[in-house]
Amino acid sequence: MIKYNFRKFILLSIIIFAFISPSKSEEQNKILKVDWSFKGLTGKFDRAALQRGFQVYKEVCSSCHSMQYLSYRNLGESGGPEFSTEEVKAISASIEIEDGPDSQGEMFTRPGRPSDKFKSPYPNVNASIAANGGAYPPDMSVLVKARPGGSNYIYSVLMGYEDPPTGMILDDGVYYNKYMTGNKIKMSAPLLDEIVEYSDGTKATVDQMAKDVTTFLSWAAEPELEDRHKTGVKVIIYLILLTILVYLSMRKIWSGIDSEV
Amino acid sequence: MSDHEYTPKSKAGKWFNDRLPLLTLGAHLTDYPTPKNLNYWWTFGGILTFCLLTQIITGIVLAMHYVAHADLAFASVEHIMRDVNFGWLIRYIHSNGASMFFLAVYIHIFRSLFYGSYKSPREVIWIIGLMIYLLMMAAAFMGYVLPWGQMSFWGATVITNLFSAIPLVGDSITTWLWGAYSVDNPTLNRFFSLHYLIPFLILGLVVLHIWALHVPGNNNPVGIDIKKPSKDTVPFHPYITIKDAFALLMFMIIFAGFVFFSPNVLGHSDNYIPANPLVTPAHIVPEWYLLPFYAILRSVPDKLGGVVLMFGAIFILFVLPWLDTSKVRSAVFRPIYRQFYWIFLADVLMLGYMGAMPAEGIYLILARVGTIYYFLHFIVVLPVVGLLEKTDPIPMSISEPVLSGGAEPSLAKKNNDKI
């Protein structure tokens with residue numbers, strides 16, 4: 001298909017698109033880029049980072065942010081933090097879950113089970129907005145997939161707390177963030193050095209915690225990621241081999257015909 | 001259409017075939033004489049059939065787990081992604097499958113435009129194809145609404161609001177479409193119902209599309225009528241089946257690349273935010289395959305005018321066989337039309353890009369230029385070029401690709417009829 005001006009067309013398109021593509025002078029600060037272990041064709045989550053990230057979520061984020069689509073059992077499933085069965089049972093049992101109604105029509109509380117969904121910090125969205133100065137702390141189940149830039153964006157926002165530039169006046173309860181859209185955020189800097197104590201001896205710097213919790217949130221949004229990558233490599237290898245076989249068969253079948261395939 | 005009558009070998013086969021000639025149909029499909037010079041742009045018919053069946057099969061499975069309710073739809077999609085065995089795979093095939101379906105259909109349509117496959121005697125094939133394309137757009141739009149994310153909700157709001165531009169009865173029609181006074185649960189319910197129905201309508205039209213194709217037979221890159229069967233043709237099986245299979249596999253590799261390694265790159269991240277009627281997204285953008293029409297819609301300052309032009313941009317294709325005045329089908333022998341073909345393709349791509357950009361400044365100006373040119377191509381360029389263009393000599397058959405001496409195209413066509 002090099003014939004019939006196809007080349008001219010490609011050239012023309014490149015010129016047109018070069019002419020109209022937006023100039024790079026964007027006001028918004030470019031988000032930070034991290035070389036995540038789970039990117040790429042064979043990317044996998046860092047198991048230890050996932051476990052540490054869960055700790056950060058549990059001890060810091062979960063006081064405001066729900067994760068309503070996850071269950072405690074997910075924490076023990078393959079491709080995730082892979083806590084042991086005992087650990088998952090212990091984690092869920094430490095949460096009080098409201099259940100019922102019982103045979104008397106009363107609601108009651110009981111220790112959580114691995115099959116329970118993550119307990120939300122607020123009974124409903126309005127309660128969470130009321131408790132957070134009018135801003136909704138978004139549910140974190142699919143947050144990474146719900147933001148352009150994904151993992152890098154979440155990490156950037158966590159790292160983007162700074163003093164506002166001179167002349168910028170912020171209302172009470174509003175904070176300056178370098179990477180947030182509009183540079184204003186209603187969440188105060190959630191991470192401070194040593195705000196959590198890692199059991200594996202990793203030093204809990206803000207950068208370390210931001211990376212760990214972003215890894216955890218990336219897994220939460222795409223718990224199938226490792227399975228997807230593994231299956232994908234197999235599927236594509238299979239398809240390439242089959243394509244070669246079919247190509248050779250095609251050459252053989254068409255060999256008697258005076259036309260190119 | 002095959003040159004010999006088919007008779008089943010077995011007695012039982014003959015008994016059945018006398019009552020319902022399915023075996024004759026099978027033999028016809030197998031022997032169907034196909035031009036031997038078809039290039040790979042002709043493999044997209046088979047690829048599209050694969051796309052349709054993939055969407056139907058994955059869609060039926062998804063419908064077993066999906067809940068069409070405004071309060072539950074988003075959660076049920078997450079349930080599919082997390083708890084249903086291979087639910088993530090089925091959903092990603094279905095959502096990326098829609099994009100692959102449109103990629104294939106656009107290649108199919110632009111192949112037809114280059115080689116003049118819409119011209120006599122294939123106008124009905126072309127029109128049925130456009131009806132399929134229209135239904136595809138309706139199905140894709142409604143399907144995008146079902147996860148009930150922010151883009152679902154606001155996309156549905158923008159598109160259904162287009163009907164309110166109709167004078168006098170517009171608002172009533174919009175309310176009737178919604179089943180409420182805004183996009184709400186009744187809208188989601190009926191969209192689900194229609195989203196399930198439309199693919200089967202498409203399937204029926206595909207049967208008619210292929211039936212209509214089998215009356216005159218395939219067009220081909222040279223664009224001339226050929227005698228069937230002859231040394232210019234090959235039986236559909238095994239020659240075309242194996243070639244289609246090869247092309248389909250290449251297509252599936254790209255498809256798999258999206259599904260397994262960047263399943264969300266063609267979607268919008270806002271659709272992972274649950275629908276919220278109180279918060280409007282900064283930019284409401286449709287899926288990529290609708291962007292050229294979205295650009296045309298927004299390029300007109302008047303709402304009704306925009307809607308009319310947008311639908312006009314699609315419906316003008318229905319009269320394309322009569323707007324193109326050239327008797328020569330293939331652009332290979334039309335040196336002037338060929339230039340305009342590439343300009344038109346660039347114009348459509350540019351409109352698509354403008355549809356993704358905010359409608360302001362240079363983008364709006366270029367979108368307007370692109371819109372005007374889109375219509376000029378059909379209303380002015382095609383009729384005029386067809387009349388004035390001096391076409392290149394046309395070969396008399398596929399086996400003799402070059403006609404010595406460079407005779408008049410009309411003469412070549414006459415000779416060709418006799419062969």
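Residues numbered from 1 in each chain as written. Chains lettered and ligands numbered in written order. Predicted model: local features only at pLDDT ≥ 70, side-chain atom pairs only at ≥ 80, totals over all residues. Heavy atoms only, no water.

### What about the overall build of chain A?
Within chain A one finds seven helices and four strands. At 25 Å, chain A has a C-alpha radius of gyration far larger than the 18 Å of a compact globule built from 261 residues. C-alpha extents for chain A along the principal axes are approximately 85 × 60 × 45 Å. Counting every position in chain A, which comprises 261 residues, the buried fraction comes to 39%. Taking all contacts inside chain A whose residues are at least 6 apart in sequence as the whole, residues at least 24 apart take part in 60%. Approximately 15,000 Å² of chain A is accessible, and the part contributed by carbon and sulfur atoms is 56%. Considering chain A, the positive charge centre built from 29 side chains and the negative charge centre built from 32 side chains are found 11 Å apart. (Helix = DSSP H or I, 4+ residues; strand = E, 2+ residues; numbered from the N terminus. Rg over C-alpha atoms; globule rule 2.2 N^0.38 Å. Buried < 20%, exposed > 50% of the residue type's maximum accessible area, 1.4 Å probe, protein only. Contact = heavy atoms within 4.5 Å. Areas by Shrake-Rupley, 256 points an atom, 1.4 Å probe, with all protein chains shown as cover. Lys, Arg positive; Asp, Glu negative; His and termini not counted. Charge placed at Lys NZ, Arg CZ, Asp CG, Glu CD.)

### Here's the deal with the nonpolar core
One finds Phe102, Leu113, Phe293, Tyr374 and Phe378 of chain B to be the most contacted residues of the largest nonpolar core, which totals 139 residues. Broken down by element, this core gets its largest block of residues, 16 residues, from helix α5 (residues 87-115) of chain B. In this structure phenylalanine 293 of chain B touches Tyr106, Tyr133, Met137, Met310, Ala313, Ile314 and Tyr374 of chain B, once residues within four positions along its chain are discounted. With 43 residues, the next largest nonpolar core counts Tyr57, Met67, Phe118 and Leu191 of chain A among its residues. (Core = buried A, V, L, I, M, F, W, Y, C linked by side-chain atoms within 4.5 Å.)

### Considering helix α3 (residues 85-93) of chain A
All names here are of chain A. Looking only at α3, the buried set comprises Val88, Ile91 and Ser92. For α3, the arc enclosing every buried residue in end-on projection is 90°, short of the 170-degree limit, so these residues lie on one face. The inward-facing, buried residues of α3 contact α2 (47-59) and β2 (108-111). (Arc of directions from axis to C-beta.)

### Considering the interface of chain B and chain A
Counting residues at the interface gives 50 residues for chain B and 50 residues for chain A. Summed over both partners, the interface of chain B with chain A comes to about 4,600 Å²; 72% of that surface belongs to carbon and sulfur atoms. Taken as a group, Arg82, Phe261 and Trp342 of chain B account for 17% of the area that chain B buries against chain A, more than any other trio of residues on that side. Summed over the shared surface of chain B and chain A, the result is three salt bridges. Here aspartate 83 of chain B makes a salt bridge to arginine 73 of chain A, at a shortest N to O gap of 3.0 Å. Our count for the contact surface shared by chain B and chain A stands at nine residue pairs in polar contact (both at pLDDT 80 or more). Of all the secondary-structure elements, those providing two or more residues to the side of chain B that touches chain A are α4 (73-82), α5, α10 (236-261), α14 (335-356) and α15 (361-388) of chain B. A total of 16 residues in the side of chain B that touches chain A trace back to one element, the largest contributor, which is α10 of chain B. For the side of chain B that touches chain A, the per-class residue count stands at 37 nonpolar, six polar and seven charged. (Buried area = accessible area lost by both parts, 1.4 Å probe. Salt bridge = Lys/Arg side-chain N within 4 Å of Asp/Glu carboxyl O. Polar contact = N/O pair within 3.5 Å; in protein donor to acceptor, adjacent residues only side chain to side chain. Nonpolar A, V, L, I, M, F, W, Y, C, P; charged D, E, K, R; others polar.)

### Comments concerning the packing of helix α3 (residues 44-65) of chain B against helix α9 (residues 185-214) of chain B
All names here are of chain B. Interhelical geometry of α3 versus α9 gives an angle of 155° and a closest axis separation of 11 Å. The angle between the axes of α3 and α9 places the two elements in the roughly antiparallel class. Viewed along their axes, α3 and α9 form a crossing whose handedness is left-handed. On α9, the residues that touch Leu52, Leu53, Ile56, Ile60 and Ala63 of α3 are Phe192, Tyr196, Pro199, Phe200, Ile202, Leu203 and Val206. The residue makeup of the contact of α3 with α9, split by class, is 12 nonpolar, no polar and no charged. (Axes fitted to C-alpha atoms, helices over the stretch in contact; angles between N-to-C directions. Parallel < 35°, antiparallel > 145°, perpendicular 65-115°, else oblique. Left-handed = near helix turned anticlockwise from the far one by under 90°.)

### Notes on the state of the cysteines
Per the counting criterion, the structure on display carries zero disulfides over all chains. Note on cysteine 64 of chain A: no disulfide assigned, nearest cysteine sulfur contributed by cysteine 61 of chain A at a separation of 9.2 Å. (Disulfide = S-S within 2.5 Å.)

### Comments concerning the environment of phenylalanine 191 of chain B
With respect to the helices and strands, the residue phenylalanine 191 of chain B is situated in helix α9. Excluding residues within four positions of it along the chain, phenylalanine 191 of chain B makes contact with Phe141, Met142, Val145, Leu146, Ala156 and Thr160 of chain B.

### Looking at the environment of proline 190 of chain A
Within the fold, proline 190 of chain A resides in the loop between β4 (184-185) and α6 (206-221). Excluding residues that lie within four positions of it along the chain, proline 190 of chain A makes contacts with Val60, Leu158, Tyr161 and Ile195 of chain A.

### Section: the pattern of salt bridges
Residues and elements named next belong to chain B. Tallied over the full model, the rule gives 21 salt bridges over all chains. Taking the shortest distance from any N to any O, the salt bridge between aspartate 18 and lysine 14 comes out at 3.3 Å. Here lysine 14 and aspartate 18 lie together in helix α1 (residues 11-19), a separation of four residues that amounts to about one turn. Judged by relative accessible area, which is 54%, aspartate 18 ranks as exposed.

### Comments concerning a nonpolar patch on the surface
A surface patch of nonpolar side chains, about 730 Å² in accessible area, is lined by Tyr6, Trp15, Phe16, Leu20, Leu22, Leu23, Leu25 and Leu29 of chain B. Take leucine 20 of chain B: it is sitting in the loop between α1 and α2 (22-31). (Patch = residues over 30% accessible without salt bridge, like charges linked within 9 Å, V, L, I, M, F, W, Y side chains within 5 Å.)

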